[in-house]
Structure formats: C-alpha cells, structure tokens
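The lines below spell out each chain.
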Amino acid sequence: MRRISILGATGSIGQSTIDLIRRDRESYDVVALTGGRNIEQLARDAVELGAKLAVTCDPGLYASLKDRLAGTGIQAAAGDAAVVDAASRPADWIMSAIVGAAGLLPGIQAIRQGTTLALANKETLVAAGPLVMAAAKTQGARILPVDSEHSAVFQALVGEDIAAVERIIITASGGALRDWPIERLATATVAEASTHPNWAMGQRITIDSASMFNKALELIETREFFGVDPARIEVLIHPESLVHALVGFRDGALMAHVGPSDMRHAIGYALHWPERRDLPVERLDLARIGTLTFRAPDPMRYPALRLAQAVMQAGGKSGAAFNAAKEIALDAFIEGRIGFVGMAGLVEDVLDKMWSSDGLNRAPNNIEDILETDRLARRRASDFLAISA
Ligand code: NAD
Ligand code: MG
C-alpha cells in the first residue's frame, strides 16, 4: 500500500487526483487531505478514502469539520500550521495542489521528509525555485511536475541528455479572449475572462490563462525545473491544446507530447511514475481532429510574457514578487477594482519599484526571505491600488 496525501484536495487538481485514487482504492493508504472552506467536500472525501487526517486552512471552520468527522476516527485540524503539519506526516507520495503562494510552505515541508512530491502548485517554483530544488536534492526528495506542459517536457526528456536540449517550447491556448480585438481587452469582465476554451480548471488559473500570467508563471517554472537558459524557452499559441510542449534537440529533432486536455493524464503520470498505467482519459483520434495549428503570441496582447522574461533575467527574489503582485492584481480584477489590462500594469509597477529600491535581484538566503519579499510585494501592490483608486 502506498501512503499518499493530497494538499488542496478539494480543488480542481485535488478532485482529479481523488478520481484516480478512487478507481484503485485498495492500492492506497490515504494519510492526509487538506482543503479550504469547502469542508463538506473535505469531510466526505476523507470518510470515503479512509484518511487519517483532514485539515482546513480556515481555523474558523475547525468545529464544524470536527462535527462532520465525529465518530469516524478521522482526526480534524485547522489553520495554516496544521496544513504544514499534514505535509510532514510520513507519506510516499504527496500531491501539492493548493493554489497560490499558500502552497509554498506545505510543499517545502513535504520535501523535507524526502518524499515524492507531485507538484501542481506552480507558485512553489516561481517564488522559490533555487531553494526548493536545492532542498529536494539535499533531502533526497523527488519532484515530479504535474502542470501539463512540464509533465509533457519531462516525458519528452525520458532517456535524453539535458545537455542535448536546444530549446523547450510550451504551448498556450491563448485563453478566453484570444480572438478579441486588442482594444476591447480593457473592457473584459470577470465572467468573460473566466471561460476557458479547452480546459476545465479553477477560476483563478482560467483568468490567468486569458491574461497569459499563467504561461508567464510556467516559463519561470520551466526554467527552475529543467535548469535551462531563459532564452531557450519559448511559448507558442496552440488553440487546440493537444500538443502540450515540445523539446528541441541539437540535431534539429522536436519531440512533441500530444494528449487530451485532461489533467488526469499528468496527475496519473506522476502518480504511477516511472511506470505507465491505464488512465481513464480520452484516446485522441487524430484523423478526426485533422489539423493542429500554432502561432507566435503577440507581445502587445500578452505583456505578462515580457514581464516573465524580465523576472528570469533579474533573478534573485523577483519570482516571489512577481507571483505575489500577480495574485493581488488578480484579486483586484475579480473584485472589480481594476480592469483586465490593469493587471499587467500593476505587476509591472510593483516590479519596477522593487527592482530599484528593494534589492529584488539579490539571491534569497532562505525561505523567510522569500516570504518577506512576498509580503512586501503585496504591500506595494495594495499601495498602488490605494493611490490609483
Ligand atoms: P483550485 O482553486 O481549484 O483549488 C485550490 C485548493 O487549494 C483547494 O483545495 C483550496 O481549498 C485550497 N486552498 C486555497 N487557499 C488555500 C490556503 N490559503 N491554504 C491552504 N489551502 C488553500 O485550484 P486548482 O485549479 O486545483 O489549482 C491548484 C494548483 O495547481 C495551482 O497552483 C494551479 O496553478 C496549479 N495547476 C492547476 C491546473 C488545473 O487544471 N486546475 C493545471 C496546472 C496547474
Ligand atoms: Mg499548465
């Protein structure tokens, strides 16, 4: 029996992970599930999977989670520290699927126990890539990418020498607004930005797909995970979302990963790695699909991509500030405080200020440095919003 835990079990990735576990219940011993406010779901899944521990990040929900688990023998806990504690419970495989910077400390805690970490939370590598990769090395932990593009690159690299890689291309659908005239983007509403053409995902990542902040995070994630020079990482718009990434080698070969737009493929690959097992995903009929199309992203439409390149060039703690400012910008857009194009403006302003006055390009000494940068960037972003209100 493999001992597994799922951090962010009630979210989109967490539920897809549970869907795979449920089909093969006898193979897994579920240690901990964590979630947020949806404690009904959390409790239901904990009972169904026979988890030892269920944790909500919201301390105010402790009593009602405990009530729901009364008589089941499942331990209830609440609060950020309890989520981190869940990640430290011994397990053979831990899914990191909390959304945002909140996933950083639990992910690092999982690495500290030298486990296999299936990493969906891209913010972990964006904010603290070098520290996280170094910790994994020291602790003998293995990180397996779950983001579909990175899983695709990882799969295309099996048996290959990373030194023979000339470039990595990650694809992007272009998001909900990709065919809008550029002048109209400023008027896009939250609802309009929240419908993804191909993938069913959480609302935040769907809006981040429309703005390409998601792809910007993924560029940084690619650099940190595979250790390639930023100049060798490219983005291609591929509206069909079937080719997830391509790896270009020095002999001119391009290895493409083609598969259905279903996160259970990447989750299942990480779950069964290094084996491949049957997965309940659609088998593509390429003859029926007929055509796959690609085009270069328009830099004017997607300023987030330019900002990601600047962040990678600057290095140091820039990724942490970029991610934090992006989270505040996204909150502000969802709350109607700024428009769709205002998000990139806000992030750029925060980065410019912090590059000129906060030593953002100096390397972090430790995770506390990263958390401090995250807090400072959030303050700077809030100041910007207060001034522009
Ligand atoms: P989601 O919003 O659907 O779920 C997030 C989970 O995190 C929920 O369980 C929620 O309760 C929990 N959570 C939220 N705030 C928390 C906090 N402060 N502390 C502890 N837990 C908290 O998100 P998702 O779409 O499943 O994405 C999860 C992560 O995976 C993100 O980093 C996202 O970028 C990445 N990812 C998602 C997809 C996708 O298809 N959904 C694809 C690739 C990568
Ligand atoms: Mg992705």
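Please read these numbers as outputs of a predicted model, since none were measured by experiment.

One key point about sheets: their strands pair by backbone hydrogen bonds, in either a parallel or an antiparallel sense. The sheet built from four strands is open, its strands ordered β9-β8-β10-β11 with mixed pairing. Two strands bound the open sheet, and with one partner strand each, they are β9 (233-237) and β11 (254-258). Recorded for the sheet is a direction-independent mean angle of 20 degrees between the axes of neighbouring strands. Judged from the five bridges that link them, strand β8 (residues 165-172) and strand β10 (residues 243-249) form a sheet pairing that is antiparallel. Directly across from Ile170, in β10, lies its bridge partner Ala245.

This brings us to helix α15 (residues 342-357). Along its 16 residues, α15 runs 23 Å from first to last C-alpha, staying within 8% of the 22 Å computed at 1.5 Å per residue. Looking only at α15, the buried set comprises Met343, Ala344, Leu346, Val347, Val350, Leu351 and Met354. Along the axis of α15, the buried residues cluster in a sector spanning 160 degrees; they form a single face. Exposed residues on α15 whose side chains face more than 90 degrees from its buried face are Ser356 and Ser357. Buried-residue contacts for α15 involve α9 (203-211), α10 (213-226), α13 (303-314), α14 (318-334) and α16 (367-388).

Turning to the domain arrangement of the chain, a few remarks are in order. Each domain of the chain was delimited in the assignment, giving domain 1 (2-145), domain 2 (151-289) and domain 3 (315-388). Here the C-alpha centroids of domain 1 and domain 2 sit 24 Å apart. In this complex, domain 1 contributes 25 residues to the contact, which on the side of domain 2 involves 24 residues. When domain 1 packs against domain 2, close to 2200 Å² is buried across both sides, 72% of that on carbon and sulfur atoms. In terms of surface lost to domain 2, no three residues of domain 1 exceed Leu20, Lys122 and Pro145, which account for 31% of the buried area on that side. The tally of links from domain 1 across to domain 2 stands at two salt bridges. Lys122 is the partner of Glu218 in a salt bridge, and the nearest nitrogen-oxygen pair spans 2.8 Å. In this assembly, domain 1 and domain 2 are joined by five residue pairs in polar contact (both at pLDDT 80 or more). Residue assignment for the side of domain 1 that touches domain 2 shows that the elements contributing at least two residues are α1 (12-22), β5 (93-96), α6 (123-139) and β7 (142-145). For the side of domain 1 that touches domain 2, the element with the highest residue contribution is α1, accounting for seven residues. Classifying every residue of the side of domain 1 that touches domain 2 by side-chain character gives 15 nonpolar, four polar and six charged.

Mapped onto the fold, His272 is located in helix α11 (residues 263-272). For His272, a relative accessible area of 11% translates into the label buried. Those residues in contact with His272 that lie beyond four places of it in its chain are Tyr28, Arg277 and Leu279.

Parameters at a glance
- Residues numbered from 1 in each chain as written.
- Chains lettered and ligands numbered in written order.
- Predicted model: local features only at pLDDT ≥ 70, side-chain atom pairs only at ≥ 80, totals over all residues.
- Heavy atoms only, no water.
- Pairing = 2+ DSSP bridges.
- Helix = DSSP H or I, 4+ residues; strand = E, 2+ residues; numbered from the N terminus.
- Axes fitted to C-alpha atoms, helices over the stretch in contact; angles between N-to-C directions.
- Expected span 1.5 Å × (residues − 1).
- Buried < 20%, exposed > 50% of the residue type's maximum accessible area, 1.4 Å probe, protein only.
- Arc of directions from axis to C-beta.
- Contact = heavy atoms within 4.5 Å.
- Domains from an automatic or database assignment.
- Buried area = accessible area lost by both parts, 1.4 Å probe.
- Salt bridge = Lys/Arg side-chain N within 4 Å of Asp/Glu carboxyl O.
- Polar contact = N/O pair within 3.5 Å; in protein donor to acceptor, adjacent residues only side chain to side chain.
- Nonpolar A, V, L, I, M, F, W, Y, C, P; charged D, E, K, R; others polar.

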